[in-house]
Every structure is written in C-alpha cells, then in structure tokens.
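Structure at a glance
Chain by chain, the residues run as shown.
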Amino acid sequence: MPSYSVRRQRIKEFKDVCSGTSDSIAQQVLEDNSWNVQQAINHFFNNRHLYPELKQGSKGKLEKIWKEYADKEDPSIMSEQGMLQFFKDCGVNPESHETLAIAWHLQSSEMGLFQKEEFVSGFSKSGCSDKKDIKKQIGQVCRSLSDEKQFKEFYKWIFHHVKEDEKKKTIPTELAIQLWQIVLSTKKHSMPLLEGWLKFSEKAQASNMQVVSRDVWEQIYDFLRETKSVDDYDDNGAWPVAVDEFVEFLQEDKK
Amino acid sequence: MIKKSKSKKKSKSSKADAENQTISLKDGWDRIYKLGVQPFFERVENVDDEGKLEQTSIPQQQYIATYDTIFTMCIQREPYNYSSPLYQKHSEALTKQYKEKFIPALSKVKGEPGVVFLKEWVKRWRCNKWAVDGMTRMFMYLDRFHVPNSEDLLNTSEQGYTLYRQTVFEQFKETARRAILNCIHRERDGEEQDRDLLRDSIAVFVELGNKLKKVELQIYKEDLHQYLIAETKQYYKQKSRLQMDALSCPDYLVFAEKCVNDELGRLSAYIDKYSEEGLMVATRDEVLKYHQDELLLQKKSGIDSILDRTVGTDAQSAREDLSRIYRLYKEVPGGKGKVADAIKAHVTKLGLGFIETSKQSQDSDAHKLITQLIDLHDRFLNIVKRQFEEEACFHRALKDAFETFINKEYYVSALLARYANDLLKKGSKLTSSQSLENTMDHVVMLYGYIRDKDIFERDYQMYLAARLLQNLSESEQSERSMIGKLKNQAGYHWTSKLEDMFKDIQRSKELMDGFRQKHTDFETDINVSVCTTGAWPDVSIQPVKLPTEIGRISEAFKNFYLTRFSGRRLKYQMDKGKADVSVQFSPKTKKILTVSTYQMLVLLLFNNKKTVTFEEMVELTGIPREDLQTAVLSMAHPKVKVMRKSPNTKELADDHKFQINPNYSNPRAKIPIPTLALATKKNVHTVDPAIFVLRRHQMDAAIVRIMKARKTLKHQELVTEVIKQLIARFKPKGTDIKKRIASLIDLEYLERDENERDLYHYKQ
C-alpha cells in the first residue's frame, strides 16, 4: 500500500476525472484496483452501475434525447438512420468495434440494435444527462479498452451478446470471423497469428468448425496473444481441439 | 608328556640326561639328524607310486629319541636353550633336502614331454607332504612354545611348505602349467588324456595354497586359473569361428552343446571347482554369446528357418533344435532375451502377413483369418510350453507379438466374435483337429490380446442373443464353459450380462410352462422369451401392430406376466422371432411355412385382403421399410414363390402389388422360408459406428466421474486418468478425450480455471 500522501494524491487525481465522486468512493475504487489510478478510472467508468449512490443522469432528459434517434414505427428501438446519427454524435466510427463497445456499456441484449430502456437506464446509471455527457462517457469506455483486463471482459461479453439466446451454446463461425476481424484488428500487432487464424476459420467453417463454442472463443484470444509463432506451440497444453487443428493447418501451410 | 609313559630304560636315560647332562647343540643336532631326520628323508625318497611309505615310518625308538632330544634341548636353561637354533636347523634340513633331491629330480625331466614331467611333479609333491608333516611331528615341541612365543615365526608345517614353495614350486610351476594346459588342449582336440594325472597335477596348486595361511587359493588363481581361462578363450575363439563358417545353425548348436558338456566334464573330472564359473563363462561366451546374432539371425538356417520347419515333416528335429537353443542360451546372459525377441519378430511377421492377405482378399471365408491365427497361436504356445519350458519371457514374447498385429485392424475383433458364434452354433463344422474346449481357449486368449475389447464384446453379445432366442446353440454346456473362460479373462462386469441373458431364457421357459397350463384355449400357440433390458444388446423396439390372430394370445401372456411381476413393463419385439404359419394356397394346397415373425405379419394381412400393395403393408404392419422389404422380397423371390408380385421385378416400389401365390407347390408339408440376405453385402471390414457413440458416452462418463471425485485437475492428469479407467475396454485417443472435455465445458459440467488455463474445475 502506498504511503498516505501518495494515496491522497491519487484520490485527488481520480476525483478530477471522475467528477461527482466522493472521497470514500474514490478510495474504494482505488483500493479495488491496487491504487493504480488509470486502472481505477477505467474500472469506474465501465462499472458505474456498481455505485448507485452517485448522482444518476436525468432519465427525463435522456428520454428526450432518445426521441431523436427512435424509429417512427417502433419507438422502443433505434432506427437505422438514428443509429448512424447517434454514432456521429458520439464521435464513433460505425465500422469499428466501438459500436460494440457502446453495446457493451449499455449491456444491450439484442445484437445490432439499441433499445430505449437500455439506452435510458444505461446512460442514467453512468450519470449522463445530455449529449455531451454521453460523448464523454463513450470516449472513456473506448479508451478503457486499452486496459488488458477491460478488453478481455469486453471480448468475452461479445460472445454472449451475439449468441442472444441463453440456451444456445455456440455462434456460427461466419459471424465469429466477422467479429474477430472487427474486434481484434486493433490488436493485430500483438497477434502475429491472427491472419492465419482467420484464414483457417474461413476454411474450417465448412467442415470441422461450423460453429464456435464459448470455450474456443475465449481460448483463442489467449492463444493468439500468447503464441507468437507455431514453434512455440505445446501440443500437450489444454488448448481446445480447434487450436490443435489450427496449428496443424499452419504447419501444413509452411511446407 | 611322553617321558612318563615310556619304558623305564629310555626315560631313565633321558631323565638322566636331563638331570645330569646338558646337551650341546652340536651333539644334540647330530643325534637328531642321524637318528631321525636323515633316515626319515631316505624313506620318503623311496615312497612308491601309491604314496604309501614303506612299512612304517622310522622305528618307534628312534622317533622317541629324536623327539626327546629336541624336547630336552628346548627346556634347558639359558644359555643352553636351543629352541631358536633348532628351528633354524629344521628349515635348513628341509631346504637341503629340496636342493639335493627334489630339484635335481624335477630338472631331469623338465625337457621331457609334459606327461613325464607331470608324473614327477606329482610325486615330488607327495614326498614333500610326507617330509614336511613328518618333520613337524618330530619338531612338534617347537610349535608348542617357541613359535607362539616368538614374533614372526611360522609354525613348522607352514614353514616347511613355505620353503617348498620358494625353493621348488616357484622354479617349476611354469613348466607344470604349460604341461597341464597342453594336455587340456589335446583333450579338447579329441586326444584322450590321463585324467587322474591331470587331477593330481592341478591339485598341487590348490593343496599348496591351502597349507599356507592367508594364501589359500591365491596360488591356484594366479599361477594356473587365469592362464587356464585365457587358454580356453583363445581355443574356443578359433574353433568356434571355424565351425561357424562350416556348419549350419542346427549343426553348430550340436557342436556348441558338445563343447559345453565337455568342459563340464572336465570340471568334474579334474579341474578345481573354483574355476567353474570362469571356465563356463569363457566357454559360453566364445562359443555361444559372441556368435548369437550371426548364428540365429543371419544364417539362412537360423532361428526363422527352424521355426518354419516346426510345421513340416521335419517338425520333430526342428523342435529338438529349439530345445537345444533354449538349453544353451538360457545360461548365457542376455541370451534368452534375444531368442525371445527373435521369436516375437517371427510370430509378428507371420501374423501381419495373415492380416495383410485377409485385407486384400476380402473373401467370403471370414473364418480363414481366425483359423490361421488360432493355429499360429496354438503352434507357438506349444513351442513355448514344451521347447522353452514355459519361461516367462517367452510367454511374454508371444503375447507381445499377438498384441502387435492383432490390433492393426479393427475388424479382427468382429471376425473373432463371428467365429465364436459359428463355433457354438448348432451343426458347427468349425472344430478342427483340436477339441472344442481347446479351440475356445484359443479364442479367449486371442480376445485377451485385443485392445478394442468393446467391439468383440458387443458383437459376441449380439450373436449370443440370436443363438439363445432362436435356440441355435449346440450345447448349453459349451456356452456356459465359454462364458466361464471369458470371465477369467475379462472379469465379472461384462460376463455377468451374458449370464443374465441365460437366466432370462431359463425363466422364460418356466414362464411358458406356467402360461400354457393356465391357458389352453387358444388357437395359436405362442412361445415368448422375456429379456431384461440392459442385459441384452440394445435394439430399439419397433411398435408393430399385432393383428387379431395373434393379438389375443399375446395380450393374454402379457397380462399373465404382469400379474406375476407387477410394476414392470413388457414390450413385444417382433424382429427376431419365428413362426409356423399354415397357408391355404388353393383349395387343394395347404402348407405350413416356417417364417420370420415379420413375414408372419405380412402373411396374416392376406386374411383380410386378397391383394396388398407394399405401401399398405408398411402402414398396416408398422414394420420398418428396410426390414419389410427383405421379408417380402424373400417370399416373392422366384426360387421361393410363396407370394407373387406385380410387376414381377426385382425392384420394389410402394405401389407394387402382392398376392399369395395360388400355384404354390412343394413336396414337403412344412417348408422353411429363408429371409434372404441383403443385396448389399455389408463390408466385413468396417466398424459399426454405434461403437463410437458408445465410446463417446463412456469417455464422458469417465471424465465426469473423475472430476466429481477430484474437483480440480490439470488437463494432462485428467487425460491420463481417463485412459487408465477405460483401457480395459479400448484405448481412447488424446484428441477424442479433448473433444469430450470441450463438449462437457459447453454443457457446463466443467469449467476452466480463470488464471490457469490447463486447470479444470468440476461445476456443482
């Protein structure tokens, strides 16, 4: 535990960024994150809902904002136009993973869609009342993804989000490939085997890997991060069978 | 003390001496020498070939006088105590004798042929023994007091032999040795030698050593044994090389055995036991060990050819060759193992060959392979039992060989099960020259070698079910005997199911008796076999529709059964039964047909309609299409002609029509109608995919069981445990286990640890 003066310093830093938080909350969050300020900030922004004692954003105001984006026929969901506008207002690239980051923040239950309830209560819990707040909040969320821990949470959540149905155990490989391309592109430089994996998945989706299970989804992330080259591979490791087959594929390719 | 017991005259004089006169050294020694030592030596010189001294040793009186003189001279008071000089004189006397008599005698014959020299060598030793022993007797008093009280003095006996060694032995030992080894060489070459002489010559080396404390066998070892061994090695190295080049393997083995036996003979006849190990090891090394590979493996007449010969007309001599190999090589370190390896390789090669041919031929004689394997097993089992005396390493070689090739192809399991079925069926023609029991033993042993036991077990159970239900067994006793043998091999778990099957059949018989007594008023007679689910092979039950003709009695039995055993469920299975159906083909023709129960159902349809289409049959009977097709087509077949079909083609479509053939004729009154085999011959060589499903379940069950008990386990350990648990049934592959683990993770039975990727937790 750092010294008293260092702690006070960090609490001040935290409160500067996370306006509206009390000393005790700042201390709590910092403690939960080993007194690492940046980590604490990331955690806080992505888990605002854990601190309900903070000032919530005005639901009324948010509902008004919602009307701008809502679909005329069914106002409980956002229209296509509305979504594009929404992304523009947030300063988010509609082609990138940032749209998914928003869904994550709002804990959207439906893929590719924003629902009114989730929009309003989600932003309210994060203390947003106007577009400015929303933009700042989204910015924070995206920035927080550079934190490894947060990114992994995000990545794992995507699987559930895309699966939609609790009872289902898998997602179609075709979809998984698209997601990997969008989501992991930012990590490309630290995942030299990503290209190979995508190629393999394209090939395998017709035969031995028609669907992707949660285990494969999660494990492949670790695998691509840890394994820089095929020579590193330990075939006695507990990687899923898909990974074994991927390695075989790479070795075949090499020849 | 002697003086008291002797004649008065003598004692008086010695007493007088002792009392009155001190004996001087010169006088004393003079008397001793002239009275005792010299005559004694002369006698010794004249010892005859038998080794017996003429008559007696020196006359009693002389002996006593000598002894007394020595005694007196030793007890005289200083400075007249002559113990020490007397000790010296003793040594000098012996040495003088050696120099004057022994050495010249030996030198004289040194250049003579070995046998002559050895005779003198042996004689001199004999003489020496007398000489030293005699001197010791005379000078015994020195041993009593003087020697113990002095430092570094050997007793007179040891002193004497030491002198002999230094003076005589050392000088001539090489000559003796060369002579001995030369004789042995000639004997090995076939020339008869004087074994007694050799024995005595060699004994010199041993006895001399034994007379000397702290020396014992050292002399023999250094001066003879090591040369003997070296000689032996050299000799056999050359000779065996010559014979290897000249002789075939079996002949060489005979030669080798002779060498070994010769050396053993030599050992017992004249070579000291100390050399036994060294000599035999040297012989076996040179004759057997160093040539083993070349002899057995490379020679055309080597072990492979000998093993091949065990099937031909030359079998007896081949078996003798094998016995000889065993006898000889079991004494050679590592020899046995190599022979076992060679046999294993041979058997494996033969087995693989049989399997290859069977794979390529795909012929209909499915028993050919199994018969070949059984014969192979029988032949080599006998060889292991008789020629190799049931030694463990040979049993193991046979086992390893079989396990290697029998598991090359999946289908061997299935073939073996089918063979067993045909063996136990009625009218079995399979029992070859061996008795049925013997053949069953072999089948069970082959089963023991199989890794994928579950395939065999499933098939065997299915065949047994068919035999029991259709009463096809040759004899209940053989069936039970076979189960007993399987139980010994496989354990209780699976065989208990087979026994349950038997019990079911037994109980069914009793039930039928009870039923028939109660219900006598039915037109049709029924015989039901009640099978307990779980014991019998899994067959899904097709719900067929029972027509009225048989419906009543079937219901009656069902009720009868359920009243006896309430709380049970009974379902009829119509695919395996037989029926006798009385068919009125035409007003004049009425026959009884023995058909399958499916065929019966089809025939009964015609009680209600004259013409029935195939589609209608499917609907009305509820029989699965494929089975129905077989049943119907076999009755409509031109060779059978029970039914007629329109259109009259081999193919079958839903709208094809069938009728009972009014023109049917057959001389017999009761005709069995076969169910023709399916047109597509099932490939004998593929595995039933149902086996793989079963295995998946077993792996899942094992994984869950293990994780439930251990709660947390690393990937590698889990895999090892699963294999351990299932190996008695089949060998699971690592990738398959991984797939099952992945599936169980998806089903949320297991989960990975958050931090350690290869750690699994059991989910409660």
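Residues numbered from 1 in each chain as written. Chains lettered and ligands numbered in written order. Predicted model: local features only at pLDDT ≥ 70, side-chain atom pairs only at ≥ 80, totals over all residues. Heavy atoms only, no water.

**A closer look at the overall build of chain A**
Selection criterion: Under the DSSP-based scheme used, a helix requires at least four consecutive residues in state H or I and a strand at least two consecutive residues in state E, with every element numbered from the N terminus. For each residue, the accessible area found with a 1.4 Å probe, counting protein chains only, is set against the maximum for its type, and the residue is called buried under 20%, exposed over 50%, and partly exposed in between.
A tally of helices and strands in chain A yields 13 helices and two strands. Counting every position in chain A, which comprises 255 residues, the buried fraction comes to 48%.

**Some remarks on the packing of aromatic side chains**
Under the convention used in this document: Only Phe, Tyr and Trp rings are paired, with Trp represented by its six-membered ring, and only when their centres lie within 6.5 Å; those with planes under 30 degrees apart are stacked, over 60 edge-to-face, the remainder tilted. Note on geometry: a ring has a charge over it if NZ (lysine) or CZ (arginine) is within 6 Å of the ring centre and within 35 degrees of the ring normal.
Summed over all chains, the structure comprises 58 aromatic pairs over all chains. Centroid distance A:F86 to A:F114: 5.7 Å. Interplanar angle 80°. Geometry classified as edge-to-face. You can see A:F86 sitting in helix α5 (residues 80-90) and its partner A:F114 sitting in the loop between α6 (98-106) and α7 (116-125), a full 28 residues away along the chain. The burial state of A:F86 is the same as that of A:F114; both residues are buried. Pairing B:W29 with B:F139 gives two aromatic rings, centres 6.3 Å apart and planes at 50°, and the pair type is tilted. Within this pair, whereas B:W29 is found in helix α3 (residues 25-45), its partner B:F139 is found in the loop between α6 (114-138) and α7 (140-149), the two being separated by 110 residues in sequence. The same class applies to B:W29 as to B:F139, namely buried. The ring of A:W35 carries A:R7 above its face, with NZ or CZ at 5.8 Å from the centroid. One residue, B:R480, lies across the ring of B:F502, its end atom 4.6 Å from the ring centre.

**Quick look at unusual backbone geometry**
Residue and element names in this part refer to chain B. Looking along the chain, the bond that leaves E78 and enters P79 is cis, with omega of 0°. Here P79 lies in the loop between α4 (60-75) and α5 (83-108). A cis amide bond, omega 0°, links S646 with the succeeding residue P647. In this structure, D152 is a non-glycine residue whose phi angle is positive, near 65°. Mapped onto the secondary structure, D152 falls in the loop between α7 and α8 (156-188).

**Some points on the pattern of salt bridges**
Put simply, the rule is: A side-chain nitrogen of Lys or Arg and a carboxyl oxygen of Asp or Glu constitute a salt bridge if their distance falls within 4 Å.
One pass over the full model with this rule turns up 63 salt bridges over all chains. We note a salt bridge from A:E148 to A:K187, for which the minimum N-O separation is 3.3 Å. Of the two residues, A:E148 sits in helix α9 (residues 148-163) while A:K187 sits in the loop between α10 (173-184) and α11 (194-204), which places them 39 residues apart along the sequence. Judged by relative accessible area, A:E148 falls into the partly exposed class, the value being 30%. We note a salt bridge from B:D321 to B:R309, for which the minimum N-O separation is 2.9 Å. You can see B:D321 sitting in helix α15 (residues 315-329) and its partner B:R309 sitting in helix α14 (residues 303-309), a full twelve residues away along the chain. Each of the salt bridges in this network shares a partner with another, and the network as a whole consists of B:E257, B:R309, B:D314, B:D321, B:R324 and B:R327.

**A closer look at the interface of chain B and chain A**
Counted only if it meets this: Contact definition: two residues touch when any of their heavy atoms are within 4.5 Å. By buried area we mean how much accessible surface two parts lose on assembly, using a 1.4 Å probe and totalling the loss over both. Counted as a polar contact is a pair of N or O atoms within 3.5 Å, where, for protein atoms, one must be capable of donating a hydrogen and the other of accepting one, and residues adjacent in sequence contribute only when both atoms are in side chains. When residues are grouped by polarity, Ala, Val, Leu, Ile, Met, Phe, Trp, Tyr, Cys and Pro land in nonpolar, Asp, Glu, Lys and Arg in charged, and all others, Gly among them, in polar.
Facing the twelve residues of chain B at the interface are 15 residues of chain A. Buried surface at the junction of chain B and chain A, summed over both partners, amounts to about 1300 Å²; 46% is from carbon and sulfur atoms. Looking at the side of chain B facing chain A, the largest losses of area belong to B:K738, B:D746 and B:R757, adding up to 47% of the total buried there. On inspection of chain B and its partner chain A, the count reaches two salt bridges. A:D215 serves as the salt-bridge partner of B:R752, at 2.7 Å between the closest nitrogen and oxygen. Inspection of the region where chain B meets chain A yields four residue pairs in polar contact (both at pLDDT 80 or more). Those elements that place two or more of their residues in the side of chain B that touches chain A are α29 (715-726) and α30 (734-746) of chain B. For the side of chain B that touches chain A, the element with the most residues is α30(B), which contributes five residues. Taken together, the residues of the side of chain B that touches chain A sort by class into two nonpolar, three polar and seven charged.

**Points about the pairing of strand β2 (residues 590-596) of chain B**
Residue and element names in this part refer to chain B. Our working definition: The pairing criterion for strands is at least two bridges between them, as found by DSSP.
For β2, a buried count of five out of seven residues is recorded, marking the element as mostly surrounded by other parts of the structure. Alignment of strand β1 (residues 578-584) against β2, held across seven bridges, turns out to be antiparallel. What sits directly across from S582, in β2, is I592. Hairpin geometry of β1 and β2 is characterised by an intervening segment of five residues between the two adjacent antiparallel strands. When β2 meets strand β6 (residues 670-672), the two strands line up parallel, connected through three bridges. Within the sheet, the bridge partner assigned to I592 lies in β6 and is K670.

**Some points on the sheet that holds strand β8 (residues 750-752) of chain B**
Residues and elements named next belong to chain B. Rules: Axis angles are defined between N-to-C directions and span 0 to 180 degrees, where every axis is a line fitted to C-alpha atoms and, for a helix, only to the segment in contact.
As summarised here, the arrangement of the three strands in space is β7-β9-β8, forming an open sheet in which the pairing is antiparallel. Of all the strands in the sheet, the pair left with one neighbour each is β7 (712-714) and β8. On average, adjacent strands in this sheet sit at an angle of 30° to one another, irrespective of strand direction. Here β7 pairs with strand β9 (residues 759-762) via three bridges, running antiparallel. Residue pairing in the sheet places L713 in a bridge with Y760 of β9.

**Regarding the nonpolar core**
For the record, the criterion: Buried Ala, Val, Leu, Ile, Met, Phe, Trp, Tyr and Cys residues form a nonpolar core when they are joined through side-chain atoms within 4.5 Å.
Core analysis: the biggest nonpolar cluster contains 149 residues, and B:L118, B:W121 and B:Y329 have the highest contact counts within it. With twelve residues, the top contributor of residues to this core is α8(B). For B:W121, the residues in contact, after removing those within four places along its chain, are B:L106, B:F169, B:F172, B:K173, B:A176, B:S201, B:V204 and B:F205. In terms of nonpolar packing, the next biggest core, distinct from the first, is built from 66 residues, A:L100, A:L106, A:L179 and A:L184 among them.

**Overview of the environment of B:L468**
Residues and elements named next belong to chain B. Its location among the elements puts L468 in helix α21 (residues 453-469). Spatially, the C-alpha atoms of L468 and M501 are 8.2 Å apart, while their sequence positions differ by 33 residues. Not counting residues up to four positions away in its chain, the partners in contact with L468 are M501, F502, I505 and W536.

**A short note on the sheet that holds strand β5 (residues 657-660) of chain B**
All names here are of chain B. The three strands lie next to each other as β3-β5-β4, forming an open sheet whose pairing is antiparallel. Pairing within the sheet leaves two strands with one partner each, and these edge strands are β3 (611-613) and β4 (643-646). Each strand of the sheet is rotated relative to its neighbour by a mean of 30°, with strand direction disregarded. Judged from the three bridges that link them, β3 and β5 form a sheet pairing that is antiparallel. In the strand pairing of β5, T611 is matched with Q659. On top of the sheet, helix α26 (residues 614-621) reaches β3, β4 and β5; it is set at about 85° to β3, its chief contact.

**Quick word on the environment of B:A93**
Residues and elements named next belong to chain B. Along the chain, the position of A93 falls in helix α5. The exposure class of A93 is buried, given its relative accessible area of 7%. Between the C-alpha atoms of A93 and Q38, which are 55 residues apart in sequence, the distance is 9.0 Å.

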